[in-house]
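Chain residues, written in single-letter form:
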Amino acid sequence: MIRFLKALVLVPVAVVVVLLAVANRETVTLSFDPFSPEPLFSAVLPLYAVLFGAVALGVVVGGIGSWLSQSGTRQRARYHRREADRLAKEAATLKTFGTPAAEPSYGVAGTHAALPAPAGR
């Protein structure tokens, strides 16, 4: 089912991308020197290559920005995962060593010493 849904979305996107590439085959000069009439750093590329490169660069920069902005969330998740593991180990230890057979007896079986009442009441 997931494969069908992927195909349902990706096939029209692929068709649009191919149509864009076919319709924009003209070459353009991409200049990296805005101050010189004869640019030192320039490239002659098809327009669709410039568009796809800009989109790819935007995806990469956006992904890096998103990854950096989520660093606090990932750090908290690591902390909570370690804390949960530590507490699970502690609970397992208490279950192992804290069984009723291991509790000390206080003279008469089944009775425990009570704490003294607070003073002033």
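Fair warning: this is a prediction, and the values are worked out from it, not measured in the lab.

This paragraph deals with the pattern of salt bridges. One pass over the full model with this rule turns up two salt bridges. In this structure, Glu83 and Arg86 form a salt bridge, with 2.7 Å as the shortest nitrogen-oxygen distance. On the criterion of helical spacing, the pair formed by Glu83 and Arg86 is a turn pair, its members being three residues apart in helix H3 (residues 71-97). Overall, the relative accessible area of 24% leaves Glu83 in the partly exposed class. Of the charged contacts in the structure, one is a salt bridge between Glu90 and Arg86, with a shortest N-O distance of 3.2 Å. In this pair, Glu90 and Arg86 both sit in helix H3, four residues apart, roughly one turn of the helix.

Now for the UniProt feature "transmembrane region" (unreviewed entry) in the protein. UniProt's entry tags residues 41-68 with the feature "transmembrane region" (unreviewed entry), counted in the numbering of this structure. In this annotation, residues 41-68 is assigned 79% helix and 18% strand; the end-to-end C-alpha distance for the span is 31 Å.

Rules used throughout
Residues numbered from 1 in each chain as written. Predicted model: local features only at pLDDT ≥ 70, side-chain atom pairs only at ≥ 80, totals over all residues. Heavy atoms only, no water. Salt bridge = Lys/Arg side-chain N within 4 Å of Asp/Glu carboxyl O. Helix = DSSP H or I, 4+ residues; strand = E, 2+ residues; numbered from the N terminus. Buried < 20%, exposed > 50% of the residue type's maximum accessible area, 1.4 Å probe, protein only. UniProt positions renumbered as here; feature names shortened; annotations may be inferred.

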